[in-house]
Every structure is written in C-alpha cells, then in structure tokens.
Amino acid sequence: MVTHVKIEANTSHIPQIIALAKEIWLPTFAAFFSEKEINNLFTGMYNRQKLTYMLQNKNYQFCIVENLSPAVGYFATSIYPDFLKLYKIYVLPEMQGQGIGKWIFNDIVSYAQTKAISSIQLNVNRRNIPAIDFYKRQGFVILKSEDIPGPNGFVYDDYVMTLKL
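Residues numbered from 1 in each chain as written. Predicted model: local features only at pLDDT ≥ 70, side-chain atom pairs only at ≥ 80, totals over all residues. Heavy atoms only, no water.

S.K.: Where do I start with the sheet that holds strand β1 (residues 4-8) in this structure?
M.R.: The pairing of strands in a sheet happens through backbone hydrogen bonds and is either parallel or antiparallel. Pairing in this open sheet of seven strands is mixed, and the strands run β1-β2-β3-β4-β5-β7-β6 from one edge to the other. Both edges of this open sheet fall to β1 and β6 (141-149), since each of them pairs with a single strand only. Within this sheet the neighbouring strands show an average axis-to-axis angle of 30 degrees, counted without direction. Packed onto the sheet, helix α4 (residues 100-114) meets β1, β2 (60-67), β3 (71-79), β4 (84-91), β5 (119-125) and β7 (155-164) and runs at close to 160 degrees relative to β4. (Pairing = 2+ DSSP bridges. Helix = DSSP H or I, 4+ residues; strand = E, 2+ residues; numbered from the N terminus. Axes fitted to C-alpha atoms, helices over the stretch in contact; angles between N-to-C directions. Contact = heavy atoms within 4.5 Å.)

S.K.: Teacher, can you tell me more about the nonpolar core here?
M.R.: Counting 55 residues, the largest nonpolar core has Trp 25, Tyr 46, Phe 62, Tyr 74 and Tyr 135 as the members making the most contacts within it. For Tyr 46, the contacting residues outside a window of four places in its chain are Ile 17, Ile 18, Ala 21, Trp 25, Leu 51, Tyr 74, Lys 88 and Tyr 90. (Core = buried A, V, L, I, M, F, W, Y, C linked by side-chain atoms within 4.5 Å. Buried < 20%, exposed > 50% of the residue type's maximum accessible area, 1.4 Å probe, protein only.)

S.K.: Just checking my understanding: could you explain the side chain of Lys 88 for this structure?
M.R.: When you line up the elements, Lys 88 lands in strand β4. Here Lys 88 is buried and forms no salt bridge, its nearest opposite-charge partner Asp 158 lying at an N-O distance of 11 Å. If near-sequence neighbours (up to four positions away) are discounted, Lys 88 is found in contact with Tyr 46, Tyr 60, Phe 62, Tyr 74, Phe 75 and Ala 76. (Lys, Arg positive; Asp, Glu negative; His and termini not counted. Salt bridge = Lys/Arg side-chain N within 4 Å of Asp/Glu carboxyl O.)

That's the geometry; what it means functionally is another story.
Below you can see the structure in the form of structure tokens.
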C-alpha cells in the first residue's frame, strides 16, 4: 500500500512549489490558454512574492503531498467564516487516476470538519471538464458562473462549486 504524507508548506518550500507547478499546473492548463496567457497566468500566480504573501497568511494552508518522499501534488485552502475555500488541488499527470486526488480531498474534508466548517467552496475553470467531473463525483454542485480578474490582465472564467458537509 502506498502511503501519502502532507507537508504544510512554508516559505522555504517556494522553489519546490514552483517546480511542482511547472510539472502539474502548466500541462493541466496548456490546452485552455494561449502560450502568452498561460505564461502570464503562471508568473502571476507562482512567483516568490505572491507565494510568500499566501504562505504567511495564518488562515491559508498550502500543503505538498508526498508519496514515500517525492512530491506528487499540492493543495491549498483557506478558512472563511462560513466555508472552507479550496484554491488548489493538483496531482502530477503521471500519478492521476491512482487515488491521490481522492486522498487529498478526504484530508481536506477531515480538516474542514475539525474546524466545524459546514461547506467547501471552490472555483474551477469552466473548460476544465476533468476537474469539474472529479468535483461532481465528490458531491460538489455548481452554484454559479463567475468571471474574476486575474494576474496580468487575465480574466478567469470559472464555475463556483460547493459541497455541503
């Protein structure tokens, strides 16, 4: 049996987070955006300044998931008064379909329950059908469509999804 471990990231993990994002985030979204758009998005989200700011926020949790040592994914959440916001959940492309995403999701649900949070919300790109399908299988429903200003003048075209715990 494979054992997964989550490591709560701090600023010393920033180079590892950026390296993982290059392996996971870039190929995940390459089909949805032009090269210029994807490069602008990546540099806007995965830069030292932005990651430092997020990692120093006491309500923001960024975790790296390891599988007997090498990192296989990452996720990030934040606690709000009425819900837990799931910002990121990514697994290496070659490790997808092996239950790691489900393991991460179960960990997030357990965390929310220990904080007495009754729902989880997330945003997902409206064109990211594999992710939307994954979240629906976990019990999420689409609340609404939302267009959000992003880095470098980009606008995210997302669904807001929610799961009642």
